[in-house]
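Here is what each chain is made of, one letter per residue.
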Amino acid sequence: MSAKRHATQPFHVVGTRPPRYDGADKVTGRALYGPDISLPGLLHGKVLRSPHAHARILSIDTSRAEALPGVYGVVTAQDLPETEDQTARDHVLASDKALYVGHSIAAVAASTLHIAEQAAQIIEVEYEVLPAVVDVMEAIKDSAPLLHETMKTRSLAGESQTPSNIASHLQHVKGDPAKGFAEAADDGVIVEREFRTAMAHQGYIEPHAATAEWSTDGHLTVYTTTQGTFSIRGHLAELLNLRLSQVRVVPTEVGGAFGGKNDGYIDVATALLARKTGQPVKIVMTRAEVFLATGPAPGAFIRVKMGATHDGRITAAQAELYYEAGAYPGAFVGAAANVIFGPYDIPHGQIDGYDVVVNKPKTATYRAPCAPPVCFAAEQVIDELAEKIGLDPLEFRIRNCAKEGTRQVNGSAHTDIGCYEVLKAARGHPHYSAPLEGPHRGRGVAQTYWGNWGAQSSCTVSVNADGTVSLITGSVDLSGTRTSLAMQAAEVLGLTLEQVKPSVGDTDSVGYADTSAGSRTTVATGIAVARAAQDVIAQMSARAALLWDVPADTVAFHQGAFTAGQDADKRFSFAELAARLSETGGPVTGVGNVDVREWGASFGTHIVDVEVDPETGQVTILRYTAVQDVGKAIHPGHVEGQMVGGVVQGIGLALYEGYVYDQEGQLLNPTLLDYKLPTALDAPPVETVIVEVPYPKHPFGARGVGETPIVPPPAAIANAIYRAVGVRMDQIPMTPARILKKMGVI
Amino acid sequence: MTSKTVVSATINGERVEFLCEPHQSLLECLRDILGLTGTKEGCNDGNCGACSVLLDGRLVNSCLVLGVEVEGRTVTTVEGLADWRGLHPIQQAFIEEDALQCGFCTPGILIATKALLDREPDPSEERIRTWLAGNLCRCTGYEVIVRAVRSAAARLAQPGEEVAR
């Protein structure tokens, strides 16, 4: 497709499958996670949370709690300095209103957790309970109770006249949608459908945990489980009115995050308690708190209309997206708008996206944020179009797929993409042509893409006298990036992986890095690593030139050795030269700082076979194949791990997972019994197909991998259910009860 | 404040005595009193399996056992798997099959695997999946874990490995 293709290069480390750097510590129990941190004199904190979804806080009386033996201090919003960002301040400790069940009201530090829990229960809070709104389509009505009395709707047109729960409205228009639909009406088909998806949780097994201590001269150290130490540092500095250099954030191992550990929920309260008591304080969330008071993924209401001609050409597409932001604005509606029609070449289109506040926790990112709901919607409409036209669903997608330069409805053009390549690989895969016999069985497909965030990363590579190197970045390792980054350094430096020691630094000891999110770390931090390694080579080449008394530009580095011209005497291995640094000017530390502004893209096509039990509505996945363009798999084993793990999370969204709220905004399933994650019995084997269309802006052609695979499963499974039992599902999770209702059985 | 009780137990092969309050779970005692933080808390209500330990060789959720209940009994945690010979074959298999990502559920899954292989040295895939259904893993999708359990079973069947492992 594209002319810009890297020739396949021979690599000595990239593309191999070494054991993960963090494996030994993780199988022996030595790895320290957020809740494992302990300090001398540690106090335990507990947060008091609102029992109401919407209530004015009339008064808070902490005196009884403070008088309880073993209690060292209580904090409320009164203990926070005034800050510019009132939303962020209210989110960590509510001041005048509680906006969801679980909203933080106060926090207690005590000598034991049991005392802290007891103390939190005797803090007296007087509430004026207000009507709550929990449904996104109810919240947009004029009659709905307002969460933020003065908030108006922002859009390109400016601000709305009157306050509203709609925080913002975005709109993309391409071409003339009316004309496109008229074309389809004349000579083709138009399909219009509505879909609903539930709020869902990232479901990491490690709860949030933070431990804070202050030095007597006002420096704060926080040990926490987070995707981004520097963003947590910024959050703490802003809300506590500190200089950035007064705050040190030390990352622990992270026991799963998936987008849910970018934001701080308890860090500020922990720091306030530590300051007030003069002792280190640790807060660890309970599982119920994780469900109630962190940042789940928003649910949505989505309306999609698409038209195509009889010869299989999409002429127009239109979508309205209503996402529940939770208590404060900020659902990633823009990302949903990018993804919904992203894999296709659509001449005329319009997308309207709305960010709507409701009395539920403020939502956050979850692996390809906001993408699974739009894929669930659009890929079913596309499936229906293909069926009505009489085309094979993959053939229809191939005919309309995005190519080099395709302008999306959002206005940006695709470059260097592998959309066609993954569709072609899926169509040619034996799974797609395998017979699927038996009643109530069906095969479905779905297509998607996710853009890779770039952003800021830094890296230092220090050369040790024995020829090994120490590699430090500020990018928190969520699932193996110490290994994938070390592999890239080893590749550039001609070293073995064992000669590169990777670590993640705290915010005092390493340069800035944006949070490990958006499938960016292996790619963007990888670019910083490659630059730091190149810097090492440049500096060491100068040392070789000094020792050989030749001009620096005559020194070459190839396959792990420094040479100058054809002279066989002028040859140093990396280790030989490393041993001579102390006599040629001292230490060599390579530095790589990047701000990657380009967005790469990783496309994926999924194929699934299901069987639906017509009596129970139970869906069994018989076979699953995930095809993805990963650019270049730095560590193919880790890439497969991301793909399989992502698919199984997507299966969870499709079949099991969703917050259930009552009308008053009480969460009915805040446990791992009632909020069902896929178990080993539910998860099918997943076959992975790695397609490599190199991404030209990364030194080895890598694309971000982690997010794409969670997106297609709900859509692919819905399409398979349709073929199995003839009903179109319009809601996830597709529980047995919902399937039986659609089938008219109940 | 409630009075504390002295508990004597054998933990990872060593006789230990510790003081705990009667309401404290075994999980709390292991982590907060004995400093054995390898055992993890994911839910504290028996639904995630991250706190799995062996109690007299039987698989339990340590969040659902009281500390005082282990008086005179034997507890094995993840810290008790490796010995002077190095990593336990189950641990080796998990590293080799790359059967972990974040690693938070791993200690519980290793312990659950040991409980299974101690009584059933050659379980089928279906049996492994059923046995591990009480241990949630959010990262891997389980397939590599199933593979690692089978690989561990094969390693343990090697002559010389079956003794005291």
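Residues numbered from 1 in each chain as written. Chains lettered and ligands numbered in written order. Predicted model: local features only at pLDDT ≥ 70, side-chain atom pairs only at ≥ 80, totals over all residues.

(A) Spatial organisation of the overall build of chain B. Secondary structure summary: chain B contains five helices and five strands in total. What you see in chain B, going N to C, is helices and strands ordered as β-β-α-β-β-β-α-α-α-α. In terms of C-alpha radius of gyration, chain B reaches 16 Å, essentially the compact-globule figure of 15 Å for 165 residues. Projected onto its principal axes, the C-alpha coordinates of chain B cover approximately 50 × 35 × 25 Å. Burial statistics for chain B: of 165 residues in total, 54% are counted as buried. (Helix = DSSP H or I, 4+ residues; strand = E, 2+ residues; numbered from the N terminus. Rg over C-alpha atoms; globule rule 2.2 N^0.38 Å. Buried ≥ 20, exposed ≤ 12 C-beta atoms within 10 Å, placed from the backbone.)

(B) The environment of Pro614 of chain A, seen in detail. Residues and elements named next belong to chain A. Structurally, the position occupied by Pro614 is in the loop between β26 (600-612) and β27 (619-629). Spatially, the C-alpha atoms of Pro614 and Val745 are 8.3 Å apart, while their sequence positions differ by 131 residues. The residues touching Pro614, leaving out its near neighbours within four places in the chain, are His440, Val725 and Met743. (Contact = placed C-beta atoms within 7 Å.)

(C) Layout of the sheet that holds strand β3 (residues 71-76) of chain A. All names here are of chain A. Sheet architecture is open: seven strands sit in the order β3-β5-β1-β14-β11-β12-β13, paired in mixed fashion. Unpaired on one side and paired on the other, β3 and β13 (247-251) mark the two borders of the sheet. If you compare each strand with its neighbour and ignore which way they point, the axes differ by 20 degrees on average. In the sheet, strand β1 (residues 43-49) pairs with strand β5 (residues 104-110) via six bridges, with the strands oriented antiparallel. (Pairing = 2+ DSSP bridges. Axes fitted to C-alpha atoms, helices over the stretch in contact; angles between N-to-C directions.)

(D) A look at the interface of chain A and chain B. Counting from both sides, the interface comprises 42 residues of chain A and, opposite them, 42 residues of chain B. Per-element tally for the side of chain A that touches chain B: the top contributor is helix α18 (residues 636-655) of chain A, with six residues. Taken together, the residues that form the side of chain A that touches chain B break down as 21 nonpolar, 14 polar and seven charged. (Nonpolar A, V, L, I, M, F, W, Y, C, P; charged D, E, K, R; others polar.)

(E) Local environment of the domain arrangement of chain A. Residue and element names in this part refer to chain A. Looking at the assigned domains, one finds that chain A contains domain 1 (34-130 + 207-254 + 261-293), domain 2 (300-453 + 599-743) and domain 3 (455-596). For domain 1 versus domain 2, the separation of C-alpha centres amounts to 37 Å. Opposite the 15 residues of domain 1 that make contact, domain 2 presents 17 residues. Ranked by the residues each element gives to the side of domain 1 that touches domain 2, the list is headed by helix α9 (residues 287-293), at five residues. Grouping the amino acids of the side of domain 1 that touches domain 2 by side-chain chemistry returns eight nonpolar, five polar and two charged. (Domains from an automatic or database assignment.)

(F) Focus on the packing of helix α11 (residues 371-389) of chain A against helix α19 (residues 713-725) of chain A. Residues and elements named next belong to chain A. The interhelical angle for the contact between α11 and α19, taken along N-to-C directions, is 35 degrees, at an axis separation of 7 Å. Taken as a pair, α11 and α19 cross one another with a handedness that is right-handed. Seen from α11, the contacting residues are Pro372, Cys375, Phe376, Glu379, Gln380 and Asp383; seen from α19, they are Pro714, Ala715, Ala718 and Asn719. Classifying every residue of the contact of α11 with α19 by side-chain character gives six nonpolar, two polar and two charged. (Left-handed = near helix turned anticlockwise from the far one by under 90°.)

(G) The arrangement of the sheet that holds strand β5 (residues 74-76) of chain B in detail. Residues and elements named next belong to chain B. On the basis of which strands lie adjacent, the open sheet formed by five strands has the order β2-β1-β5-β3-β4 and mixed pairing. Whereas interior strands pair on both sides, the edge strands pair on one side only; in this sheet they are β2 (14-20) and β4 (58-61). Mean inter-strand twist for the sheet, computed between neighbouring axes without regard to direction, equals 40 degrees. The pairing of strand β3 (residues 52-55) with β4 spans four bridges and is classified as antiparallel. Across the sheet, Val53 pairs through a bridge with Val60, a residue of β4.

(H) The arrangement of the nonpolar core in detail. All names here are of chain A. Membership of the largest hydrophobic core comes to 292 residues, with the highest contact counts inside it found for Ala336, Ala489 and Ile721. If you tally residues by element for this core, the top one is helix α16 (residues 521-548), at twelve residues. In contact with Ala336, other than residues within four places in its own chain, are Leu321, Tyr323, Gly353, Cys370, Ala371, Pro373 and Val374. (Core = buried A, V, L, I, M, F, W, Y, C linked by C-beta atoms within 7 Å.)

(I) Seen up close, the confidence of the model for chain B. Here chain B shows a mean pLDDT of 95. Residues at 70 or above account for 96%. The complex prediction reports pTM at 0.97, with the ipTM value standing at 0.97. (pLDDT = per-residue confidence, 0-100.)

(J) Highlighting helix α1 (residues 26-33) of chain B. All names here are of chain B. Within α1, six of the eight residues are buried, leaving the element largely enclosed by the surrounding structure. Within the span of α1, buried status applies to Leu26, Leu27, Glu28, Cys29, Leu30 and Arg31. On its buried face, α1 is in contact with β2. Just past α1, the residue Gly35 takes up positive phi, approximately 70 degrees.

(K) Up close: helix α7 (residues 229-240) of chain A. All names here are of chain A. Its twelve residues place the ends of α7 16 Å apart at the C-alpha level, agreeing with the 16 Å of an ideal helix rising 1.5 Å per residue. Where the residues of α7 are buried, they touch α3 (86-92), β12 (220-224), β13 and α8 (267-277). Among the residues trailing α7, Asn241 stands out with phi positive, at a value near 60 degrees. (Expected span 1.5 Å × (residues − 1).)

(L) Highlighting the domain arrangement of chain B. Residues and elements named next belong to chain B. Segmentation of chain B into domains returns domain 1 (5-74) and domain 2 (89-156). Put simply, the middle of domain 1 and the middle of domain 2, counted by C-alpha atoms, are 22 Å apart. In this assembly, twelve residues from domain 1 lie in contact with twelve residues from domain 2. The element contributing the most residues to the side of domain 1 that touches domain 2 is β3, with three residues. Of the residues assigned to the side of domain 1 that touches domain 2, the class counts are six nonpolar, five polar and one charged.

(M) Broad picture of the environment of Ala157 of chain B. Here Ala157 of chain B shows up in the segment after α5 (143-156). In sequence terms Ala157 of chain B and Gly42 of chain B are 115 residues apart; their C-alpha atoms lie 33 Å from each other.

(N) Region of interest: unusual backbone geometry. The peptide bond linking Ile732 of chain A to Pro733 of chain A adopts the cis configuration, its omega dihedral lying at 0 degrees. Mapped onto the elements of the fold, Pro733 of chain A is located in the loop between β29 (731-732) and α20 (736-743). Backbone geometry at Asn12 of chain B places phi at a positive 50 degrees, although glycine is not the residue there. Assignment of secondary structure puts Asn12 of chain B in the loop between β1 (5-11) and β2. Residue Tyr142 of chain B is not a glycine yet carries a positive backbone phi of 75 degrees. Tracing the backbone shows Tyr142 of chain B in the loop between α4 (125-131) and α5. Classification of Tyr142 of chain B as buried rests on a count of 29 C-beta atoms within 10 Å.

(O) Structural context of the pairing of strand β15 (residues 300-309) of chain A. Residues and elements named next belong to chain A. In terms of residue burial, β15 counts as a mostly covered element, since seven of its ten residues are buried. Sheet analysis places strand β10 (residues 188-197) next to β15, joined by ten bridges and oriented antiparallel. The residue bridging Ile190 from the neighbouring strand is Gly307, located in β15. Relative to strand β16 (residues 314-326), β15 runs antiparallel, the two being bridged by nine bridges. Its bridge partner being in β16, Phe301 is matched across the sheet by Tyr322. Taken together, β15 and the strand that follows it, β16, pair antiparallel across an intervening segment of four residues, in which Gly312 is found at a positive phi of about 90 degrees.

(P) Fine view of the environment of Ile166 of chain A. Residue and element names in this part refer to chain A. Locating Ile166 in the fold gives a position in strand β9 (residues 166-174). Placed twelve residues apart in sequence, Ile166 and Arg154 show a C-alpha to C-alpha distance of 8.2 Å. With sequence-adjacent residues up to four places away left out, Ile166 is seen in contact with Ile140, Thr153, Tyr354 and Val356.

(Q) Representation of the packing of helix α15 (residues 481-493) of chain A against α16 of chain A in the model. Residues and elements named next belong to chain A. Two elements in contact, α15 and α16, have axes separated by 9 Å at closest approach and are oriented at 35 degrees. In this structure, α15 meets α16 at a crossing whose hand is right-handed. Only Thr521, Thr522, Thr525, Gly526, Val529, Ala530, Ala533, Gln534 and Val536 of α16 make contact with α15, whose side of the interface consists of Thr481, Ser484, Leu485, Gln488, Ala489, Val492 and Leu493. Per-class residue counts for the contact of α15 with α16 are eight nonpolar, eight polar and no charged.

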